[in-house]
Amino acid sequence: MDIATRLIHTGATVEPVAGALSVPLYHASTYAQPSVDSFGRWDYARSGNPTRHALEEAIAGLEGGNVACAFGSGMAATSSTLLLFKPGDHLIVCDDVYGGTFRVLTRLFSQWGLSVTFVDATCTANIAAAILPTTKGLFLESPSNPLLKIIDLRAAAELARERGLLTIVDNTFMTPYFQRPLELGCDIVIESGTKFLNGHSDVICGFAVTADPELGERLRFVQNAFGAVLGPHDSWLTLRGLRTLKVRMEASQQGAVAIANWLAGHPRVKHVWYPGLPSHPGHEIHRSQASGPGAVLSFELDSFELTKRLLEGVKLMAFAVSLGGVESILSYPARMSHAAMPPEERALRGISDSLVRLSVGLESPDDLIEELDRLLLG
Ligand SMILES: *Cc1c(COP(=O)(O)O)cnc(C)c1O
């Protein structure tokens, strides 16, 4: 079935008592057991909750996986997935990885003996050159944050498979609506459901998904043992948000295309990063692995003063951390998503003090352009 149909029908069973078309919200931590010899399907809600399960089924179906584990945040999904590795293992990570992922790797997992090499993964040869005898996995993001760099996910996954490495992809910016890394040969997909999947700026949640039954079992084990699970209420809200993913992604993307083109022609904009622009170096590769460029773009202005005026002057757009909501959000990577990165590291990655990231929401693109036009003039 097409993803549009799967969005509506996966994980949605008609509820048996009343025939409700909405999955009930099971606010339960434990379940009565019928006998000493055989426990029922549910025993304790850290291990399983029917509302969370419906959401996990929906996400697994959308990503083309068998197992999806829902976590209390995107970072909980990432950290729990990293627990599949052991002290002494080495990972190769794309260099402009999400700031929180950079932080957890360099400040926590490093203490635990997991080592990392950051590479510009837009060139597969750079990944190959960084492989050590102890390397066990790749951790990638495409498009990356905030410079929307594109990694050839098929080529990276093929290299990883040849060398016996796991490929993990953070697919938050694309969602399974536009890109399904498992279908490109990757092993595990991470999603921060906080962003587009839930889409209403009212839940923090995350997912790890795989099509491999053995990896799925190991992820389930970590989910239950480490315990960073998503609660039933947030599961319910995310399931509700997910049903409109198609219309939200399509409308936001349409706005992003219009705004990216408008910004690209503006005299005070030094550069626009958006995989939907033919001038983007990853445009062709992105088109070969995703069905759309998405709704996030970044741009650099010609001065810090103008950047400050824009960020502090917006009324329609929110100046905030995060992305993927129904409302447009302007964020400032140097002080927000990448604040956890030392300034030298940020500079090396091209994240300047005049760089702004825009997540386009569902407002009229004309109104958004009018606001940008007002603040960028003068
Ligand atoms: C927000 C984000 C995360 C972390 O998700 P949380 O739900 O905030 O923990 C990870 N990766 C990317 C690309 C993100 O945008």
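Starting from 1, residues in each chain are numbered consecutively following that chain's sequence as written. Selection of residues for local features in this predicted model requires a pLDDT of at least 70, selection of side-chain atom pairs for listing and counting requires 80 or more, and totals for whole chains, interfaces and linings are taken over all residues. Only hydrogens and water are set aside; all other atoms, that is, all heavy atoms of the structure, feed into the side-chain values.

## So, the site of the ligand
Then step 1. The near set for a molecule or strand comprises every residue that places at least one heavy atom within 4 Å of it. Taken together, 13 residues sit near the ligand, with G74, M75, D170, T194 and K195 positioned nearest.
Then step 2. The separation between an oxygen atom of the ligand and a polar main-chain atom of M75 is 2.8 Å.
Then step 3. Here a polar contact is recorded for every N or O atom pair within 3.5 Å, except that within protein the pair must consist of a potential hydrogen donor and a potential acceptor, and residues adjacent in sequence are included only if both atoms are side-chain atoms. The side chain of S192 places a nitrogen or oxygen atom 2.9 Å from an oxygen atom of the ligand.
Then step 4. Only the protein chains shown count as cover for residues, and all accessible areas are computed by the Shrake-Rupley method using a 1.4 Å probe. Computed on the free molecule, the ligand has an accessible area of 380 Å², of which 92% lies beneath the protein chains in the complex.

## A word on the layout of surface pockets
Then step 1. Only protein atoms enter the calculation, which uses a 1 Å grid: trapped sets of points that fit a 1.4 Å probe without letting it out are cavities, open sets showing protein on both sides within 12 Å along at least five of seven lines are pockets, and any residue with an atom within 4 Å of a point is a lining residue. Grid points are joined across faces, edges and corners, and a volume is the space filled by probe spheres set on the points. There is about 440 Å³ of room inside the largest pocket.
Then step 2. Mapped by element, the contributors of at least two residues to the lining of the largest pocket are helix 3 (74–82), helix 4 (99–109) and strand 6 (188–192).
Then step 3. Looking at the lining of the largest pocket element by element, the count peaks at four residues for helix 4.
Then step 4. Counted by class, the lining of the largest pocket contains eleven nonpolar, twelve polar and five charged residues. What counts as a helix is a DSSP run of H or I of at least four residues, what counts as a strand is a run of E of at least two, and both are numbered from the N terminus. Gly is placed with the polar residues, together with every amino acid not listed as nonpolar (Ala, Val, Leu, Ile, Met, Phe, Trp, Tyr, Cys and Pro) or charged (Asp, Glu, Lys and Arg).

## Here we look at helix 9 (residues 232–242)
Then step 1. Exposure classes here rest on a 1.4 Å probe applied to the protein chains alone. A residue is buried below 20% of its type maximum, exposed above 50%, and partly exposed in between. Buried within helix 9 we find P232, S235, T238, L239, G241 and L242.
Then step 2. Residues are treated as being in contact if the distance between any of their heavy atoms lies within 4.5 Å. Against the buried residues of helix 9 lie helix 1 (3–9), helix 2 (50–63), strand 7 (206–210) and helix 10 (245–264).

## A few points about the packing of aromatic side chains
Then step 1. Only Phe, Tyr and Trp rings take part, Trp by its six-membered ring, and two of them pair if their centres are within 6.5 Å. Stacked means planes under 30 degrees apart, edge-to-face means over 60, and tilted covers everything else. On inspection of all chains with the given rule, the structure shows four aromatic pairs.
Then step 2. When the ring of F102 is compared with that of F118, the centres are 5.1 Å apart and the planes differ by 40°; the resulting orientation is tilted. Of this pair, F102 sits in helix 4 while F118 sits in strand 3 (residues 115–119), and the two are 16 residues apart along the sequence.
Then step 3. Residue classification places F102 among the buried residues on the basis of a relative accessible area of 6%.
Then step 4. Note on F118: relative accessible area 25%, which makes it partly exposed.
Then step 5. Stacked on the ring of W42, the Lys or Arg R41 has its end atom at 3.8 Å from the ring centre.
Then step 6. Taking NZ or CZ as reference, R349 lies 5.4 Å from the ring centre of F118, over its face. Remark: a charge is flagged as sitting over a ring if the NZ atom of Lys or the CZ atom of Arg is within 6 Å of the ring centre and within 35 degrees of the ring normal.

## Overview of the nonpolar core
Then step 1. Residue types Ala, Val, Leu, Ile, Met, Phe, Trp, Tyr and Cys, when buried and joined through side-chain atoms within 4.5 Å, form a set referred to as a nonpolar core. Judged by nonpolar contacts, the single largest core of 45 residues is most densely connected at L82, I127, L138 and L140.
Then step 2. Here this core takes five residues from helix 6 (residues 153–162), the largest share from any one element.
Then step 3. If sequence neighbours within four positions are ignored, L138 has contacts with I92, I127, A156, A160, L165, L166, T167 and I168.
Then step 4. Residues L182, V203, C205 and W273 belong to the second largest nonpolar core, which totals 37 residues.

## Brief notes about the sheet that holds strand 10 (residues 318–319)
Then step 1. The mixed open sheet is built from five strands, whose spatial order is 8-9-12-11-10. The open sheet has two edge strands with one neighbour each: strand 8 (269–273) and strand 10. Strand pairing requires that DSSP identify at least two bridges connecting the strands.

## Notes on the domain arrangement of the protein
Then step 1. Boundary definitions for the domains trace back to an automatic or database domain assignment. Domain annotation of the protein identifies domain 1 (3–242) and domain 2 (246–377).
Then step 2. Taken over C-alpha atoms, the centre of domain 1 sits 26 Å from the centre of domain 2.
Then step 3. Taken together, the contact between domain 1 and domain 2 spans 38 residues of the former and 42 residues of the latter.
Then step 4. Throughout, buried area stands for the accessible area (probe radius 1.4 Å) lost by two parts on being put together, summed over both. The contact between domain 1 and domain 2 buries some 3,200 Å² in all, and 63% of this surface belongs to carbon and sulfur atoms.
Then step 5. Three residues, L147, F178 and F196, lead the burial of domain 1 against domain 2; their summed loss comes to 24% of the area buried on that side.
Then step 6. The tally of links from domain 1 across to domain 2 stands at 16 residue pairs in polar contact (both at pLDDT 80 or more).
Then step 7. A total of four residues in the side of domain 1 that touches domain 2 trace back to one element, the largest contributor, which is helix 4.

## Considering the side chain of H280
Then step 1. Relative to the helices and strands, H280 resides in the loop between strand 8 and helix 11 (283–289).
Then step 2. The exposure class of H280 is buried, given its relative accessible area of 8%.
Then step 3. Looking at H280, its side chain comes within polar contact range of the main-chain nitrogen of G282, at 2.8 Å.
Then step 4. Here H280 is in contact with L147, L148, I150, W273, Y274 and P275, once residues within four sequence places are set aside.

## Quick word on the environment of T13
Then step 1. The topology assignment puts T13 in the loop between helix 1 and helix 2.
Then step 2. Its relative accessible area of 62% is what places T13 among the exposed residues.
Then step 3. Placed 295 residues apart in sequence, T13 and K308 show a C-alpha to C-alpha distance of 49 Å.

## Considering the pattern of salt bridges
Then step 1. Within this document, salt bridges are pairs made up of a side-chain nitrogen of Lys or Arg and a carboxyl oxygen of Asp or Glu, the two lying within 4 Å of each other. Under the counting rule described, the total for this entry stands at eleven salt bridges.
Then step 2. For K149, the salt bridge is made with D120, and the minimal N-O distance between the two is 3.7 Å. Taken together, the positions of K149 in the loop between strand 4 (135–141) and helix 6 and D120 in the loop between strand 3 and helix 5 (124–130) put the pair 29 residues apart, joining distant regions of the chain.
Then step 3. A salt bridge links R268 to D302; the shortest N-O distance between them is 2.9 Å. Within this pair, whereas R268 is found in the loop between helix 10 and strand 8, its partner D302 is found in the loop between strand 9 (296–301) and helix 12 (304–313), the two being separated by 34 residues in sequence.
Then step 4. A residue is classified by how much of its surface remains accessible, and R268, at 24% relative accessible area, is partly exposed.
Then step 5. Residue D302 is classed as partly exposed on the basis of its relative accessible area, which comes to 37%.

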